[in-house]
Structures are given as structure tokens and as C-alpha cells.
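# Architecture and fold: a report
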Amino acid sequence: MALPGKTNVTVQADPNANLVAQRLREWNARAVESVSEFCGEITIAVPRELIRGAADRCRQDATLHFNLLSDIVCVDRFPLEPRFELNYHLTSIPRRDKVRLRVCLSGDDPVVDSVIAVWPGANWMEREVFDLFGVRFHGHPELRRILLPEDWEGHPLRKDYPTEGFR
Amino acid sequence: MTTVETATGPAKTMVLNMGPQHPSTHGVLRVLLELDGETVVKATPDVGYLHTGIEKSCEAKTYSQAITLTDRIDYLAPLSNNLGFCLAVEKLLGLEAPKRAQYIRVLLTELTRIQSHLVWLGTHAIDLGAMSVFLYCFREREEILNIFELVSGQRMMTSYFRIGGLALEPPAGWLKSVGRVIQMLPSRIDEYEALLTENRIWIARTKGVGYISATDAIAMSMTGPTLRAAGIPYDNRKVFPYSSYEEFDFNVPTRTDSDCYGRYLIRIAEMRESLKIIRQAMDKIPADGPIKADAPGIVPPQREKMKTEMEALIYHFKIFTEGFSPPPGETYVTIESPRGELGVFIASDGTPKPLRAHFRAPSYINLQALPRLIEGRLIADVIACIGTIDIVLGEVDR
């Protein structure tokens, strides 16, 4: 069905026009894979091995100053590959700005560096993602289930996990 | 009994299991406390007893159906959740609710904030031994719930905000009822203050208890009254305004003491600010005008139209059988719920059901700072610190 009003489309944004992408590029030329815009929100795709450093950069850089990690959200795009998409929502309280960092992870090796050293508040967010998606965080001090019982089998928010559970 | 190294040297400690059935954990929170005498050496919160898989259920429902699930996340502030979810879907669709609906949304979410703070104050006070405040707070909360019932037909699980506007026209004269309640509330808030603010027992139980520095609070991703009590004026209504909040005149109360007492005063001040917003909203709400956006295919048509026009009937049928499909993409919307920053993340893949719906539950994130508040303090302070974070376990566990 055709929708009324303007339709939002994801567009590739100019990486040089965005301050965060610019600063990340200056730090490491490979840090920015792509910059896209949707609904006025900027998403910066970062390679998996650089997320710890990029997060640290976003927090420490005085011109960026993303001091609040609002949330970490995982999306399972099964059966597409790379299957998992981690979205880090950063907020800069002094600059009143938001940005989303994105890391893509393949289904057979969903491991990424933890950002607890940058924001200690990432602890439970990463545990939640581990619990529900089975994405492992390298360097997390206590990576165990948080919402589900410890002996639970499977990761329920994966797309190949049925809504009613395994019967 | 185990021997561990504590701050004062090796000592015998005892592990005490608090909860999940404990009146002052406000639901089913379990905290494992390692005690040295009466001092808490280590605290480990254990959550998940109320996990119902709401995010997974959202993926199996159409966007309109998922609204009813959002009520059940933070059941003390259902309208805030409704608002966050609706705003996120509206953002995906590029849709805006009419001004009249936006003002009504502001009015009702502020009433939600007051009633949520009333429950917080009542339960926090009864935990610390002030029985009468609990009874008074619940008396006033009931008045606010009556307004929700008047408007939506439900006291708690309202589902009143819908994508593109409101579920139905509020009944005639409802603003008079709102007027009566907000007329009564200021003196009632004074009454709570008279019972607590200078009460020596209250001060002894809360002042200097549960301190966290502003830097630590931000590092732990804490938001809401806890962060504002640490001196950071971060409020989504001001910083990233939504639903026409930029048109309202209100203050964001902050303090620097960052203890349980400070957070109590912040929430009292917030109730007064909310009353200010409600008064302005009552003046702003036009007597008539649309409460739903003009978006056939998304917003269900009016009953009469549906019965008389063929196109409207087709739209009605399509909305309720297959739903509507927002363009593929992701959005993350944050609003200020009574407990802090409520974030709603929705990923659409261009089908009528969300690929992923995620709720950043403020009390879940705030709760992880609990060990920092209580470690090294007395066991009695644990009760005060759990109360001061203002957790709702429905939201923590989702």
C-alpha cells in the first residue's frame, strides 16, 4: 500500500560533511566504512576490530565528547550475512548531539571487543545482547546471562528461534 | 562463611540473599549481599524474574498491535511508553500527529510522571518507615488514574496513544476533571513535604546515603532524576524536544548533593514542574480539531466514513488485516520517562511487522549502578538505595 507524505529513504551521506566521521577518519583512515542518513539520524559503520578504539575516540575527543552511551542494540538480519548488526547509540550531553556507530558481525563468529573500558555502563547492555543474541564481547568481565535463567538453551531474539520457543 | 579480603583486612563475611520476594525490592529483584557484620562488602543484583519477552513478541505483531505490549513494559508509566513507541513509528513513517493530539499527549504524559513519582514517593517512604505518606500518595494517584480511565477506559494499560494521534476523542468536560486534580495537588505535595522534608528520621535515613558523583553517573549511563540530582541538567524534554515540548515553559530541577535526599527533592520539584506544564497544556489544547493525522492506510478511518465510503472501508480492512509497511531503515527515539531516558529503537525491513523493536529501559540501565551506591555502606541503606533508583521490574526485565 502506498504511504502518504514524504517517504524516508536511507541515503549515503558525505563522510567529510559529518564531524564525527571526519574526526574518526583523522584518527584512523580505516575507521569509517560508510556514513548513512535515515530519518535525520546519522549512522557510521565501523570495522569490527576498530570499535573499541572508535568508541574511545568518540568519548575522549574534546570536539566530539560523546560522554553518554545511551544503548547498545543488536539486530539479527538472518538469513542475510553479515547477520548481526550492533548499534551503539551515543549521546553528547554538552554538545546536544547523537550518533549511531554500527558494527556488522558474521553469524559464525559473532565476537566483538567490549566497550566497558570506555563506558562502564555498557556492562549490562552487553550482557543483554549476549543473553538474547549470543554475541560475545571480548574483554567483558562477567559475560553471563542476565534476563534468562543460566541453564537456558539458545538465544531467543535470534530470527531462527521461534516466537513460541522450541516445543 | 568465607574469608575474604575486605577494605579493613581479612574478615569473615556472610552472604545474604535479599529477594526476589522482598517487599522493599518493589517487585522481583534479587540482590546477593556479601556482608561483613552490617557492612555490605559486595552486592550483586540478579534480575530477569519478570522477563516476558516483550521485544520478541513485538516482532510477531503489526506496528499498531505492538502498542498494547508497550503498556506492559513500565506499568507505572504506560503512557510514556505509548508515546515513545508511537513517536518512533511516526518518525519511520515521516508522519506527525496534529497539534491538538500532541498537546493532549503532553498533558497525559505529565500526569503519568506525577502519578509515577507518587508511587515512587509512597513506596520509598513506606520502605523507610513513613507509613502515612504511602497512604496519601496512593490516594492522590487514584485521582490521576481516574482521569486515565475517563479518557481511555483503562486505569493502567491505557494504549491511548496510537500511531498518528490518539485512540479516541477525550470525553466532553474531561479538562474540568484534570483541572480539579491539579487544583488539589499543590497543597497535597506541600503536605508530603511537611511530613518528610524536615523530618529528622527521613533526613537520617536519606541524607548522604547512596552518593554517586556526576562523572560516575554519566559513565554508568544513568539518566533521569538520578543524573539531575548529580548536577547534570540532562532532560530529553529540553535537550531533544519531542511532541511540542519546546513550546512549554518549565525548569529542569538539578541539585549537587546526589544522595537519596537530593533525589527525593528533585522528584518533588519535578512534580511541581509537571503541574506547570499541565496548566499550560490545558490552555493550549484547542476545543476541537483533529486528534488523528490525515494518513489513510495508517490511521484507521472514522467509523461513519468507514460505513459509508468504499475507500475508507478498504483502508480499514487493510490496516486491521495486514497492517502498514514503513520504509526499511532504523530509528532510535528517546523521550524522558519518569525514570529517565526511555529509548525506542525500531528496525523496519519494509514489512508490516517490525524486524526489531528494542526498548532502552531507564531503570534497567540505572539499576546496574546499585552496587556502586551500596558497597561499603550499612545493610539498612540498601533499602534506601533500591528505592531511590526508582525501578519498575516490568521494565527492567521486559
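Residues numbered from 1 in each chain as written. Chains lettered and ligands numbered in written order. Predicted model: local features only at pLDDT ≥ 70, side-chain atom pairs only at ≥ 80, totals over all residues. Heavy atoms only, no water.

### So, the overall build of chain A
To be explicit about the condition: By the criteria applied, helices consist of DSSP H or I runs no shorter than four residues and strands consist of E runs no shorter than two, each listed in order from the N terminus. Computation of the radius of gyration draws on C-alpha atoms alone. For the globule rule, the value is 2.2 Å times the number of residues to the power 0.38.
Helix and strand counts for chain A stand at three helices and eight strands. When its helices and strands are written in sequence order, chain A yields β-α-β-β-α-β-β-β-β-α-β. Compactness check: chain A gives a C-alpha radius of gyration of 17 Å against a globular reference of 15 Å for 167 residues, within 12% of the reference. C-alpha atoms of chain A, sized along the principal axes, occupy 50 × 50 × 25 Å.

### Structural notes on the pattern of salt bridges
As a reminder of what qualifies: Salt bridge, as used here: a side-chain nitrogen of Lys or Arg that lies within 4 Å of a carboxyl oxygen of Asp or Glu.
Under the criterion given, the structure shown has 47 salt bridges over all chains. One network of salt bridges, in which partners are shared, links Glu110, Arg113, Arg228, Asp235, Arg237, Glu270 and Glu336 of chain B.

### Overview of the sheet that holds strand E7 (residues 329-337) of chain B
Residue and element names in this part refer to chain B. Threshold: Pairing between strands is defined by DSSP: at least two bridges between the two strands are required. Axis angles are defined between N-to-C directions and span 0 to 180 degrees, where every axis is a line fitted to C-alpha atoms and, for a helix, only to the segment in contact.
Pairing is antiparallel across the open sheet formed by three strands, whose spatial order is E7-E8-E9. Of all the strands in the sheet, the pair left with one neighbour each is E7 and strand E9 (356-360). Strand-to-strand twist of the sheet, defined as the mean angle between neighbouring strand axes without regard to direction, takes the value 15°. Bridge analysis of strand E8 (residues 340-348) against E9 gives five bridges, and the strand direction is antiparallel. Following the sheet pairing, Ile346 is matched in E9 by Ala357.

### Comments concerning helix H16 (residues 379-389) of chain B
Residue and element names in this part refer to chain B. How we decide: Residue exposure (1.4 Å probe, protein chains only): buried if accessible area is under 20% of the type maximum, exposed if over 50%, otherwise partly exposed.
Taken across its 11 residues, H16 has nine buried, putting it largely inside the fold. Taken as a whole, H16 has its buried residues at Asp381, Val382, Ile383, Ala384, Cys385, Ile386, Gly387, Thr388 and Ile389. Positive backbone phi, at 60°, marks Asp390, one or two positions downstream of H16.

### Re the interface of chain A and chain B
For clarity, the cut-off: Pairs of residues are marked as contacts when any of their non-hydrogen atoms sit within 4.5 Å. Simply put, the buried area is the total loss of 1.4 Å probe accessible area from both parts when two parts are fitted together. As used in this structure description, the phrase polar contact means that two N or O atoms lie within 3.5 Å; if the pair is within protein, one of them must be able to donate a hydrogen and the other to accept it, and residues adjacent in sequence are counted only when both atoms belong to side chains. Gly is placed with the polar residues, together with every amino acid not listed as nonpolar (Ala, Val, Leu, Ile, Met, Phe, Trp, Tyr, Cys and Pro) or charged (Asp, Glu, Lys and Arg).
Contact residues are listed per partner, giving 51 residues for chain A and 56 residues for chain B. Both sides together, the interface formed by chain A and chain B hides about 4,500 Å², and carbon and sulfur atoms give 60% of it. Seen at the junction of chain A and chain B, the total is five salt bridges. The residue Glu128 of chain A makes a salt bridge to Arg398 of chain B at a minimum N-O spacing of 3.1 Å. Applying the counting criterion to the chain A and chain B interface returns 22 residue pairs in polar contact (both at pLDDT 80 or more). If you list the elements that add at least two residues to the side of chain A that touches chain B, you get strand E4 (68-76), strand E5 (84-92), strand E6 (97-105) and helix H3 (122-133) of chain A. When the residues that make up the side of chain A that touches chain B are grouped by side-chain class, the tally is 25 nonpolar, 11 polar and 15 charged.

### Focus on the nonpolar core
To keep things clear, this is the line we draw: The criterion is simple. A nonpolar core is a set of buried Ala, Val, Leu, Ile, Met, Phe, Trp, Tyr and Cys residues joined through side-chain atoms within 4.5 Å. Start and end positions for the domains come from either an automated domain assignment or a database one.
Judged by nonpolar contacts, the single largest core of 167 residues is most densely connected at Ile44, Leu86, Tyr88 and Val135 of chain A together with Leu108 and Leu121 of chain B. Here this core takes 12 residues from helix H4 (residues 99-127) of chain B, the largest share from any one element. Both domains that furnish three or more residues to this core are identified here as domain 1 (2-46) and domain 2 (54-397) of chain B. When near neighbours in sequence (up to four residues on either side) are disregarded, Leu108 of chain B contacts Leu79, Phe148, Val151, Tyr160, Phe161 and Trp174 of chain B. Formed by six residues, the second largest nonpolar core is a distinct cluster that contains Val73 and Val75 of chain A together with Phe345 and Ala347 of chain B.

### Some thoughts on the domain arrangement of chain B
Residue and element names in this part refer to chain B. For chain B, the assigned domains read domain 1 (2-46) and domain 2 (54-397). Measuring from the centre of the C-alpha atoms in domain 1 to the corresponding centre in domain 2 gives 32 Å. With 20 residues of domain 1 in contact, the opposing surface of domain 2 contributes 18 residues. Between domain 1 and domain 2 lies a buried interface of about 1,500 Å² when both sides are counted; carbon and sulfur atoms form 71% of it.

### Structural notes on unusual backbone geometry
Going from Phe78 of chain A to Pro79 of chain A, the amide bond is cis rather than trans, its omega being 5°. Here Pro79 of chain A lies in the loop between E4 and E5. Backbone torsion omega between Glu81 of chain A and Pro82 of chain A reads 0°, so that peptide bond is classified as cis. By the element assignment, Pro82 of chain A lies in the loop between E4 and E5. Positive phi, normally seen in glycine, also occurs at Ser159 of chain B, with a value near 45°. Mapped onto the elements of the fold, Ser159 of chain B is located in the loop between helix H5 (131-152) and strand E5 (161-162).

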